[in-house]
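Breakdown of the fold
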Amino acid sequence: MELFIWAVPAFAVLMFVEWIAYRRDPDRPDSSGSAHDTASNVVTFTLSRLAKPLLQHLLPFSAVVAAAAVTPLHLPPRSWWVWALGLVVTDFCYYWAHRADHRVRLLWTAHSVHHSSEYFNLSTAIRLPWLHPVASTLRGVAWVPAALLGFPAWMIFLLQSIGLLYQFPIHTQRIKTLPRPIEFLFNTPAHHRIHHGSNQPYIDKNYGGVFIVWDRMFGSFAAETEPIRYGLTKNVGTDNPLKVNYHELAGLVRDVRGAATWRGRLGYIFGPPGWTEDPASDRAEIPDRADDRTPATQLTS
């Protein structure tokens, strides 16, 4: 079941309500949104939904399905505790997939699309990449452990979708903070705003999907200590959905073509965003630039 298709009407209503709320608030932040940015987000989301069936036909292989077929373990999906445990396990897998999105440049070529908006609102949540088959296939490996533990593949995919749906309403500035127990355990708007920050100390922080405790456990948690600047450290500078979707991939291809060694070529593909084979480069002096992390050869128009 494609939950996102059924959720589209709810997305539209919530985005409209948020837009009305901002227009009635004289103190609304400048980062609340723009018409061009919102239109780009909606078009990008539409293209991602239209491209998904094509992507599934081009790359029908799924590492999760293969792992579920060979594992000797099989958990009973009729038991409630399997669903509860499955939500925790799949979200744990999501944490590491999301962390890899920011630390492996090939994966960042797709994920940077979501981070490229200079605004933060509900429409930012649907700014999703389309037709990045290699990155999508590689990223799916993160859920193989869940399949090997005995969770059915269809349950893993369904829980993945539920986790993504959970993240839609946390892309907002209208909600400041929630009660402390919720803020401690779950990902909230306050936590996710930090994840979209492109200024230190927010870069590469708060990767959690449903639960924020993974970040607390693995040292990637940050609380808000200064105003947040949204977008990339070097912004795309366009609302063109095609350039938004492929600007980082184009930069990766140019860097690989211009690399002098195989170490350089592999580094540009699998190293962290911003990595360079030239140790004297300015980019080499800026570690952990996972939120633009686009090299000097990036498209900027």
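For the protein chain, an unreviewed UniProt entry supplies the name Sterol desaturase family protein and the organism Nocardia amamiensis. According to UniProt, the comment filed for the protein chain under the heading Subcellular location (unreviewed entry) is "Endomembrane system".

Before going further, it helps to examine helix α8 (residues 153–167). Given a rise of 1.5 Å per residue, 15 residues ought to cover 21 Å, and the 22 Å separating the end C-alpha atoms of α8 matches this to within 8%. Listed in full, the buried residues belonging to α8 are A153, M155, I156, L159, S161, G163 and Q167.

This brings us to the packing of helix α4 (residues 80–103) against α8. Contact pair α4 / α8: the axes reach a minimum separation of 9 Å and the direction vectors enclose 70°. The orientation of α4 with respect to α8, classified from their angle, is roughly perpendicular. The handedness of the crossing between α4 and α8 comes out as right-handed. When α4 is examined against α8, the residues V82, W83, G86, L87, T90 and Y94 are found in contact with a partner set consisting of W154, M155, I156, L158, L159, L164 and Q167. Among the residues making up the contact of α4 with α8, the classes are represented as ten nonpolar, three polar and no charged.

This part covers the environment of Q173. Considering the arrangement of structural elements, one finds Q173 in the loop between α8 and α9 (180–185). Classification of Q173 by relative accessible area gives buried; the value is 10%. It is 8.0 Å that separates the C-alpha atoms of Q173 and A190, two residues lying 17 residues apart in sequence. Among the polar contacts listed, one links the side chain of Q173 to the backbone oxygen of F120, at a separation of 3.0 Å.

About the criteria used
The numbers attached to residues start from 1 for each chain and follow its sequence in the written order. Whole-chain, interface and lining totals are the exception, using all residues; otherwise, since this is a predicted model, local features are given only for residues with pLDDT of at least 70 and side-chain atom pairs are given and counted only at 80 or more. Side-chain measures were taken over the full set of non-hydrogen atoms in the model, leaving aside hydrogen atoms and water. UniProt positions are given in the numbering used here, feature names are shortened, and annotations may be inferred rather than shown by experiment. In this description a helix means any DSSP run of H or I spanning at least four residues, a strand means any run of E spanning at least two, and both kinds are numbered starting from the N terminus. One fewer than the residue count of a helix, multiplied by 1.5 Å, yields its expected span. Burial here depends on accessible area, computed with a 1.4 Å probe over protein chains only, as a share of the maximum for the residue type. Under 20% is buried, over 50% is exposed, and the range in between is partly exposed. Angular values range over 0 to 180 degrees, each being the angle between N-to-C directions of two axes fitted as lines to C-alpha atoms, with helices fitted over their stretch in contact. Just so you know how the angles are binned, under 35 degrees is roughly parallel, over 145 roughly antiparallel, 65 to 115 roughly perpendicular, and the rest oblique. With the far helix as reference, a near helix turned anticlockwise by less than a right angle produces a left-handed crossing, and one turned clockwise produces a right-handed crossing. Here, two residues are considered to be in contact whenever any of their heavy atoms come within 4.5 Å of each other. When residues are grouped by polarity, Ala, Val, Leu, Ile, Met, Phe, Trp, Tyr, Cys and Pro land in nonpolar, Asp, Glu, Lys and Arg in charged, and all others, Gly among them, in polar. Each polar contact in these results corresponds to two N or O atoms within 3.5 Å; when the atoms are within protein, one needs to be able to donate a hydrogen and the other to accept it, and residues that are neighboring in sequence are counted only if both atoms are side-chain atoms.

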